[in-house]
Amino acid sequence: MLFEKAPAKINLTLDVLHKRDDGYHEVEMVMTTIDLFDRLSFEKLENDQIQIESENRFVPDNEQNLAYQAANIFKQQFSIKQGIRIEIDKQIPVAAGLAGGSSDAAATIRGLNRLFDTGLTNQEMEQLAERIGSDVPFCIQGGTQLARGRGEILRPVASLPPCYVVIAKPTVGVSTKEIYKRVNLEKMMHPDTSAMTHALEDQDFGKVCAELNNVLEPITVEMHSTIAQIKERMQKAGAPGVLMSGSGPTVYALVQQEAKADRIYNSLKGFCQDVYTVHALR
Ligand code: ATP
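Just so you know, these numbers come straight off a predicted model, no measurement behind them.

Any two packed helices are characterised by the angle at which their axes cross and by the distance between the axes. Running from N to C, helix α2 (residues 100-115) and helix α3 (residues 122-130) point in directions that differ by 135°, and their axes come no closer than 10 Å. In terms of orientation, α2 lies oblique with respect to α3. Of the two possible hands of crossing, α2 and α3 adopt the one that is right-handed. Here α2 contributes A105, A106, I109, R110 and N113 to the contact with α3, which in turn contributes M125, L128 and A129. Grouping the amino acids of the contact of α2 with α3 by side-chain chemistry returns six nonpolar, one polar and one charged.

Quick look at the structure:
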C-alpha cells in the first residue's frame, strides 16, 4: 500500500484570452496549492480492475472519476495487466473550483509511478496528465505556477508571501461548462497577470491582494448572489484580498494576521457550510 496527498489549489488570477478553433478557451492563470488535502492510497490487485473507494457520496466510483481515468491511462501506457485499488479520503469540497478531482488524478499518476516503479519525470507525468483535464498538469507539481494554453503550459513563479487563506464554499452548484459558455471577451476586466507575478517576486503582499482577479467571478456572481455576500462579509471582517477560485463557487480571503484570519473565519461560520483556514504551500 502506498499513499499520496492531493492538495487543493486556488486561482490568484484567471484570465480567458480567446476561444480557440478546437473549442477550448486559451487561458492564463496564476495558481497556488494550499494545505487542504485529499489523501489517496494505492494497492495492486490480482484481477485487472480499477476499483475506486470513497466514503464521500459525491465522489463517483466509476470511470467518471478523474483518478479512475488517470489509472486507466497509466495502465494503458505501460501495458499493466494488474488491477489497482484506489481509496480516496475526500477532504477537498467537491465541485468547488478547488481542482479536487484534478488533484486526485495527478496524485494517482504520481502514486502509480511509484507503485509500478516506472520512473516518469515530472514533465512526462504532466504530458500524461494533459490527456485527463486542463488543471491536471498543474497539479502534478503544484506550488505556485503560471499556466497558459488550456492550462498545460506551465512556468513556476514565486510563492505567495506567508499568509492565511480563509476559504468558504457555499452550497450552490456551479457547472464550469455553463460558466465558460457565458464568457463575453469584450466585456471582461482582464487581470494584469505580469503585475501579479512581479508582486509575487517582490513578496509584496499588498500588491498581490490588489492584483487578485478572476474573469469568471462576475459571471458566477450574477448567477449566485451568495458569492457576493461572502465576499462582502470577508471584506467587512478586514480581509485585504478576496477572490472566487476557478469557476467557483468557493471564495477565499488572504490575510497575514492570525487574529484577522480568525475574525474572517468566524464571520463566515454559520453562513457557509464549508469554511477552512489554511496556508499556501511554498
Ligand atoms: P476544477 O477547479 O478543476 O474545475 P472543481 O473543484 O470545480 O474542479 P471537482 O471537485 O473536481 O470540481 O468536481 C467536479 C465534478 O467532477 C464532480 O461533480 C464529480 O462528479 C466529478 N469528479 C470526478 N472525479 C472526482 C474526484 N476524484 N473527486 C471529486 N469529484 C470528482
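Take the site of the ligand next. Inspection of the region around the ligand gives 21 residues, with A99, G100, G101, D104 and G246 positioned closest. For the shell around the ligand, the secondary-structure elements that each account for two or more residues are α1 (66-77) and α2. For the shell around the ligand, the per-class residue count stands at 10 nonpolar, nine polar and two charged. When we break the shell around the ligand down by domain, the ones giving at least three residues each are domain 1 (2-156) and domain 2 (164-279).

Okay, the UniProt feature "domain: GHMP kinase C-terminal" (unreviewed entry) in the chain next. Per the UniProt record, the feature "domain: GHMP kinase C-terminal" (unreviewed entry) sits at residues 197-271. Its end C-alpha atoms 33 Å apart, residues 197-271 is made of 56% helix and 15% strand.

Let us now look at unusual backbone geometry. Peptide bonds are, in most cases, trans, and in most cases residues other than glycine have a negative phi. The omega angle of the peptide bond from G248 to P249 is 5°, so this bond is cis rather than trans. Turning to its location among the elements, P249 is positioned in the loop between β9 (241-244) and β10 (251-255). Despite not being glycine, D117 has its phi angle at roughly 55°, a positive value. The topology assignment puts D117 in the loop between α2 and α3. The class of D117 is exposed, set by 7 C-beta atoms lying within 10 Å.

The rules we used
- Residues numbered from 1 in each chain as written.
- Predicted model: local features only at pLDDT ≥ 70, side-chain atom pairs only at ≥ 80, totals over all residues.
- Axes fitted to C-alpha atoms, helices over the stretch in contact; angles between N-to-C directions.
- Helix = DSSP H or I, 4+ residues; strand = E, 2+ residues; numbered from the N terminus.
- Parallel < 35°, antiparallel > 145°, perpendicular 65-115°, else oblique.
- Left-handed = near helix turned anticlockwise from the far one by under 90°.
- Contact = placed C-beta atoms within 7 Å.
- Nonpolar A, V, L, I, M, F, W, Y, C, P; charged D, E, K, R; others polar.
- Near = placed C-beta within 6 Å.
- Domains from an automatic or database assignment.
- UniProt positions renumbered as here; feature names shortened; annotations may be inferred.
- Buried ≥ 20, exposed ≤ 12 C-beta atoms within 10 Å, placed from the backbone.

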